[in-house]
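Listed below, chain by chain, are the residues.
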Amino acid sequence: MVRGFTLLELLAVAALGGVALVATANLLVSQIRGTRTLQTSGEVQQDLSRLHRFLLAETQEACSFQLGSTSQTSCGAACVTSGSNELRLLVPITTSVNSDPTSPANLRTIIYRLSGTQLLRTGPRILAGGGLDTATGNDQTDTLVIDNVNTFTPTVSTGCNTVTIAIRLNVPGSSSTVPATGSNPEQLILRAGTRIFN
(Lines give C-alpha, C1' and ligand atoms only; values in the text may rest on other atoms or scores of the structure.)
Protein backbone atom coordinates (compact mmCIF):
# COMPACT_ATOMS: atom_id res chain seq x y z
CA MET A 1 0.00 0.00 0.00
CA VAL A 2 1.31 3.48 -0.96
CA ARG A 3 1.13 5.96 1.80
CA GLY A 4 0.70 9.73 1.01
CA PHE A 5 1.36 12.83 3.03
CA THR A 6 -1.03 14.03 5.64
CA LEU A 7 -2.50 17.51 5.48
CA LEU A 8 -0.47 18.47 8.57
CA GLU A 9 2.78 17.39 6.90
CA LEU A 10 1.94 19.40 3.75
CA LEU A 11 1.15 22.51 5.79
CA ALA A 12 4.43 22.18 7.73
CA VAL A 13 6.43 21.90 4.49
CA ALA A 14 4.56 24.86 2.99
CA ALA A 15 5.24 26.96 6.10
CA LEU A 16 8.96 26.10 6.04
CA GLY A 17 9.12 26.86 2.32
CA GLY A 18 7.40 30.22 2.93
CA VAL A 19 9.87 31.14 5.67
CA ALA A 20 12.79 30.21 3.40
CA LEU A 21 11.28 32.26 0.55
CA VAL A 22 10.79 35.35 2.76
CA ALA A 23 14.35 35.05 4.13
CA THR A 24 15.75 34.79 0.58
CA ALA A 25 13.69 37.79 -0.58
CA ASN A 26 14.87 39.89 2.40
CA LEU A 27 18.49 38.97 1.67
CA LEU A 28 18.06 39.89 -2.00
CA VAL A 29 16.42 43.26 -1.19
CA SER A 30 19.17 44.03 1.34
CA GLN A 31 21.84 43.20 -1.26
CA ILE A 32 20.17 45.46 -3.85
CA ARG A 33 19.96 48.37 -1.35
CA GLY A 34 23.61 47.91 -0.40
CA THR A 35 24.67 47.92 -4.04
CA ARG A 36 22.59 51.03 -4.74
CA THR A 37 24.08 52.85 -1.73
CA LEU A 38 27.58 51.87 -2.80
CA GLN A 39 26.93 53.07 -6.34
CA THR A 40 25.45 56.36 -5.10
CA SER A 41 28.39 56.82 -2.71
CA GLY A 42 30.73 56.46 -5.71
CA GLU A 43 28.75 59.08 -7.61
CA VAL A 44 28.91 61.45 -4.62
CA GLN A 45 32.69 60.90 -4.44
CA GLN A 46 32.90 61.86 -8.12
CA ASP A 47 30.81 64.99 -7.38
CA LEU A 48 33.26 65.87 -4.59
CA SER A 49 36.20 65.47 -7.00
CA ARG A 50 34.49 67.67 -9.63
CA LEU A 51 33.79 70.31 -6.97
CA HIS A 52 37.45 70.25 -5.94
CA ARG A 53 38.59 70.79 -9.56
CA PHE A 54 36.05 73.60 -10.02
CA LEU A 55 37.10 75.40 -6.84
CA LEU A 56 40.77 74.88 -7.69
CA ALA A 57 40.26 76.57 -11.08
CA GLU A 58 38.42 79.53 -9.58
CA THR A 59 40.78 80.04 -6.66
CA GLN A 60 43.75 80.13 -9.02
CA GLU A 61 42.19 83.28 -10.48
CA ALA A 62 41.82 84.92 -7.05
CA CYS A 63 44.35 87.28 -5.53
CA SER A 64 42.89 87.06 -2.02
CA PHE A 65 40.37 85.18 0.17
CA GLN A 66 38.16 86.29 3.02
CA LEU A 67 35.30 84.98 5.14
CA GLY A 68 32.12 86.84 6.06
CA SER A 69 29.86 89.39 4.48
CA THR A 70 32.32 92.28 4.02
CA SER A 71 34.23 92.41 0.74
CA GLN A 72 37.89 93.34 0.49
CA THR A 73 38.73 96.32 -1.67
CA SER A 74 42.28 95.35 -2.62
CA CYS A 75 44.52 92.32 -2.96
CA GLY A 76 46.71 91.82 0.09
CA ALA A 77 44.45 93.84 2.41
CA ALA A 78 43.67 92.49 5.86
CA CYS A 79 40.96 89.84 5.80
CA VAL A 80 38.58 87.93 8.08
CA THR A 81 40.01 84.41 8.50
CA SER A 82 37.38 82.53 10.55
CA GLY A 83 33.90 82.64 11.98
CA SER A 84 31.79 82.37 8.83
CA ASN A 85 30.75 79.79 6.24
CA GLU A 86 30.68 82.44 3.51
CA LEU A 87 33.86 82.35 1.43
CA ARG A 88 34.78 85.37 -0.69
CA LEU A 89 37.35 85.32 -3.51
CA LEU A 90 38.72 88.61 -4.78
CA VAL A 91 39.40 88.18 -8.50
CA PRO A 92 41.25 90.64 -10.77
CA ILE A 93 39.47 91.04 -14.11
CA THR A 94 40.85 93.34 -16.78
CA THR A 95 38.93 94.64 -19.74
CA SER A 96 41.84 96.06 -21.71
CA VAL A 97 45.52 95.30 -22.19
CA ASN A 98 46.66 98.44 -20.32
CA SER A 99 44.37 97.96 -17.29
CA ASP A 100 45.88 97.52 -13.86
CA PRO A 101 44.43 94.20 -12.61
CA THR A 102 44.96 95.22 -8.97
CA SER A 103 43.01 98.46 -9.34
CA PRO A 104 39.81 98.33 -7.22
CA ALA A 105 37.81 99.03 -10.39
CA ASN A 106 39.10 95.74 -11.86
CA LEU A 107 38.50 93.55 -8.80
CA ARG A 108 35.40 91.37 -8.60
CA THR A 109 34.14 89.23 -5.73
CA ILE A 110 33.00 85.63 -6.01
CA ILE A 111 31.04 84.37 -3.01
CA TYR A 112 30.46 80.74 -1.98
CA ARG A 113 27.96 80.11 0.79
CA LEU A 114 26.00 77.22 2.22
CA SER A 115 22.22 77.51 2.29
CA GLY A 116 20.69 74.41 3.86
CA THR A 117 22.36 71.60 1.92
CA GLN A 118 23.09 73.70 -1.18
CA LEU A 119 26.45 75.28 -1.96
CA LEU A 120 25.66 78.51 -3.83
CA ARG A 121 27.88 80.82 -5.89
CA THR A 122 27.38 84.54 -6.51
CA GLY A 123 29.68 86.44 -8.83
CA PRO A 124 30.73 86.90 -12.44
CA ARG A 125 29.02 84.55 -14.86
CA ILE A 126 31.16 81.66 -16.11
CA LEU A 127 31.37 81.67 -19.90
CA ALA A 128 31.23 78.57 -22.12
CA GLY A 129 35.02 78.55 -22.53
CA GLY A 130 35.54 78.62 -18.75
CA GLY A 131 36.46 82.29 -18.42
CA LEU A 132 34.61 84.83 -16.33
CA ASP A 133 32.29 87.39 -17.88
CA THR A 134 34.07 90.75 -17.50
CA ALA A 135 30.89 92.84 -17.82
CA THR A 136 29.94 94.14 -14.38
CA GLY A 137 26.18 93.86 -14.95
CA ASN A 138 26.22 90.14 -15.71
CA ASP A 139 26.79 88.72 -12.22
CA GLN A 140 24.77 85.69 -11.25
CA THR A 141 23.27 85.44 -7.77
CA ASP A 142 23.00 82.21 -5.75
CA THR A 143 23.75 79.80 -8.58
CA LEU A 144 23.62 76.20 -7.35
CA VAL A 145 27.09 74.64 -7.43
CA ILE A 146 26.30 71.34 -5.67
CA ASP A 147 23.50 69.93 -3.53
CA ASN A 148 23.51 67.50 -0.58
CA VAL A 149 26.31 69.34 1.25
CA ASN A 150 26.58 68.23 4.86
CA THR A 151 29.62 70.31 5.88
CA PHE A 152 31.22 73.40 4.30
CA THR A 153 33.68 75.07 6.66
CA PRO A 154 36.29 77.35 5.08
CA THR A 155 39.26 78.75 7.02
CA VAL A 156 41.47 81.45 5.49
CA SER A 157 45.18 81.85 6.28
CA THR A 158 46.36 85.04 7.97
CA GLY A 159 48.04 86.10 4.71
CA CYS A 160 44.62 85.82 2.98
CA ASN A 161 46.17 83.71 0.18
CA THR A 162 45.24 80.15 1.26
CA VAL A 163 41.87 78.67 2.15
CA THR A 164 41.26 75.26 3.69
CA ILE A 165 37.74 73.96 3.18
CA ALA A 166 36.39 71.09 5.26
CA ILE A 167 33.62 69.51 3.18
CA ARG A 168 31.34 66.48 3.51
CA LEU A 169 28.48 65.48 1.19
CA ASN A 170 25.33 63.51 2.02
CA VAL A 171 24.60 60.34 0.02
CA PRO A 172 21.03 60.79 -1.33
CA GLY A 173 18.56 58.19 -0.12
CA SER A 174 20.68 57.04 2.82
CA SER A 175 22.11 58.27 6.10
CA SER A 176 25.67 57.91 4.74
CA THR A 177 28.07 60.72 3.93
CA VAL A 178 31.24 61.06 1.85
CA PRO A 179 33.67 60.97 3.59
CA ALA A 180 31.92 58.69 6.07
CA THR A 181 30.46 60.14 9.26
CA GLY A 182 32.94 59.63 12.09
CA SER A 183 35.92 60.27 9.83
CA ASN A 184 37.34 63.72 9.17
CA PRO A 185 35.70 65.77 6.41
CA GLU A 186 37.52 66.09 3.08
CA GLN A 187 40.11 68.88 3.35
CA LEU A 188 40.49 71.02 0.23
CA ILE A 189 43.54 73.28 0.45
CA LEU A 190 43.44 76.00 -2.19
CA ARG A 191 45.86 78.86 -2.85
CA ALA A 192 45.30 82.17 -4.57
CA GLY A 193 46.84 82.09 -8.00
CA THR A 194 48.24 84.57 -10.42
CA ARG A 195 46.16 83.99 -13.54
CA ILE A 196 44.13 87.03 -14.58
CA PHE A 197 40.93 87.04 -16.57
CA ASN A 198 40.89 89.40 -19.53
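Keep in mind that this is a model prediction, so the values were computed, not measured. (Residues numbered from 1 in each chain as written. Predicted model: local features only at pLDDT ≥ 70, side-chain atom pairs only at ≥ 80, totals over all residues. Heavy atoms only, no water.)

### Notes on the environment of Ala 166
Tracing the chain through its elements places Ala 166 in strand 7 (residues 162-170). Sequence spacing of Ala 166 and Gly 18 is 148 residues, and the spatial spacing of their C-alpha atoms is 50 Å. Sequence-distant contacts of Ala 166, defined by excluding residues within four places in its chain, comprise Thr 151, Phe 152, Thr 153, Pro 185, Glu 186 and Gln 187. (Helix = DSSP H or I, 4+ residues; strand = E, 2+ residues; numbered from the N terminus. Contact = heavy atoms within 4.5 Å.)

### Regarding the pattern of salt bridges
Tallied over the full model, the rule gives 6 salt bridges. When the shortest N-O distance is used, the salt bridge between Arg 50 and Asp 47 registers 2.5 Å. Residue Arg 50 and its partner Asp 47 are located together in helix 1 (residues 7-59), separated by 3 residues, close to a single helical turn. Relative accessible area serves as the criterion here: at 42%, Arg 50 is assigned to the partly exposed category. Taking relative accessible area as the criterion, Asp 47 reaches 28% and is therefore assigned partly exposed. For Arg 108, the salt bridge is made with Asp 139, and the minimal N-O distance between the two is 2.2 Å. Of this pair, Arg 108 sits in strand 3 (residues 107-115) while Asp 139 sits in strand 5 (residues 139-146), placing them 31 residues apart in sequence. Looking at Arg 108, the relative accessible area reads 9%, which means it is buried. (Salt bridge = Lys/Arg side-chain N within 4 Å of Asp/Glu carboxyl O. Buried < 20%, exposed > 50% of the residue type's maximum accessible area, 1.4 Å probe, protein only.)

### Side note on the nonpolar core
One broad trend across soluble globular proteins is that nonpolar side chains are buried collectively. Among the nonpolar cores identified, the biggest contains 29 residues, and Leu 87, Leu 89, Tyr 112, Phe 152, Ile 165 and Ile 167 are the most heavily contacted of them. Sorting the residues of this core by element identifies helix 1, strand 1 (64-67), strand 2 (87-92), strand 3, strand 6 (149-156), strand 7 and strand 9 (186-191) as the ones contributing at least two each. With residues near it in sequence (within four places) discarded, Tyr 112 still touches Phe 54, Leu 55, Glu 58, Asn 85, Glu 86, Leu 87, Leu 89, Leu 119, Leu 120, Arg 121, Val 145 and Phe 152. (Core = buried A, V, L, I, M, F, W, Y, C linked by side-chain atoms within 4.5 Å.)

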